[in-house]
Amino acid sequence: MEGSLEKVVPVRVSSLGDLVRLAASISVPQGSSYILRFDKEGKIVLGILGVFRDYYKYYGIPIFYYYVAEGREAEELKDTNYIIASLSEEKFEFSKHPKPGITIPLIRLAEKPAFIPDLL
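It should be emphasised that the depicted structure is a prediction, and the values quoted were computed from it without experimental measurement.

Engineer: Can you explain the overall build of the protein? Please cite residues and give values.
Structural biologist: Within the protein, the secondary structure is distributed over two helices and seven strands. Helices and strands in the protein line up, N terminus first, as β-α-β-β-β-α-β-β-β. Since a compact globule built from 120 residues should have a radius of gyration of about 14 Å, the 15 Å found for the protein is in line with a globular shape. Principal-axis analysis of the C-alpha atoms gives the protein an extent of 40 × 35 × 20 Å. The proportion of buried residues among the 120 residues of the protein is 35%. The contacts of the protein with a sequence gap of at least 6 include a subset with a gap of at least 24, amounting to 56%. When the accessible area of the protein is evaluated, it comes to approximately 7,600 Å², of which 52% is carbon and sulfur surface.

Put into structure tokens, the structure is as follows:
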């Protein structure tokens, strides 16, 4: 079954801040967004699914914007359920509970979905 699925096009962002800003900018006009999370080899992969519309003859190409946290950053994310962002100061924090500000839920996946290619 895995061989018959089309895979998303992975787009790795350069920092967690970039990924948080992307999620925050999506959630402001539409009201809600989330970041997918799965763990692999002691690292935490965080990402957002999107669609790059009208690419040549295609109606859209699925894209997975992602960031890999490791070391101290992965340890900070261990018990995190939300990222709280402030666009006015361009800062963010990890939290176990929602707080005032742009609250972006982290959605933990039990495993990497088959439609996302191997990233590590």
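On we go.
Engineer: Lay out the nonpolar core in plain terms, naming residues and giving numbers.
Structural biologist: Of all hydrophobic cores here, the largest spans 20 residues; its most connected members are Leu 16, Leu 19, Ile 35, Leu 46, Leu 77, Ile 83 and Ile 104. For this core, the secondary-structure elements that each account for two or more residues are α1 (16-30), β3 (43-53), β4 (60-69), α2 (72-77), β5 (82-86) and β7 (102-108). Within the second largest apolar cluster, nine residues are counted, among which are Leu 36, Tyr 66, Ile 116 and Leu 119.

Engineer: Quick one: what's the story with the pattern of salt bridges, residue by residue and with numbers?
Structural biologist: On inspection of all chains with the given rule, the structure shows seven salt bridges. Linking Lys 91 and Glu 89 is a salt bridge whose minimum nitrogen-to-oxygen distance equals 3.6 Å.

Engineer: Which residues make up the packing of aromatic side chains, and what values go with them?
Structural biologist: For the structure shown, the criterion picks out two aromatic pairs. Their ring planes at 10 degrees and their centres at 6.1 Å tell us that Phe 64 and Tyr 66 sit as a pair that is stacked. You can call Tyr 66 buried: its relative accessible area is 8%. Ring plane angle 55 degrees and centroid distance 6.0 Å describe the contact between Phe 92 and Phe 94, whose orientation is recorded as tilted.

Cut-offs applied
Residues numbered from 1 in each chain as written. Predicted model: local features only at pLDDT ≥ 70, side-chain atom pairs only at ≥ 80, totals over all residues. Heavy atoms only, no water. Helix = DSSP H or I, 4+ residues; strand = E, 2+ residues; numbered from the N terminus. Rg over C-alpha atoms; globule rule 2.2 N^0.38 Å. Buried < 20%, exposed > 50% of the residue type's maximum accessible area, 1.4 Å probe, protein only. Contact = heavy atoms within 4.5 Å. Areas by Shrake-Rupley, 256 points an atom, 1.4 Å probe, with all protein chains shown as cover. Core = buried A, V, L, I, M, F, W, Y, C linked by side-chain atoms within 4.5 Å. Salt bridge = Lys/Arg side-chain N within 4 Å of Asp/Glu carboxyl O. Phe/Tyr/Trp six-rings, centres within 6.5 Å; stacked < 30°, edge-to-face > 60°.

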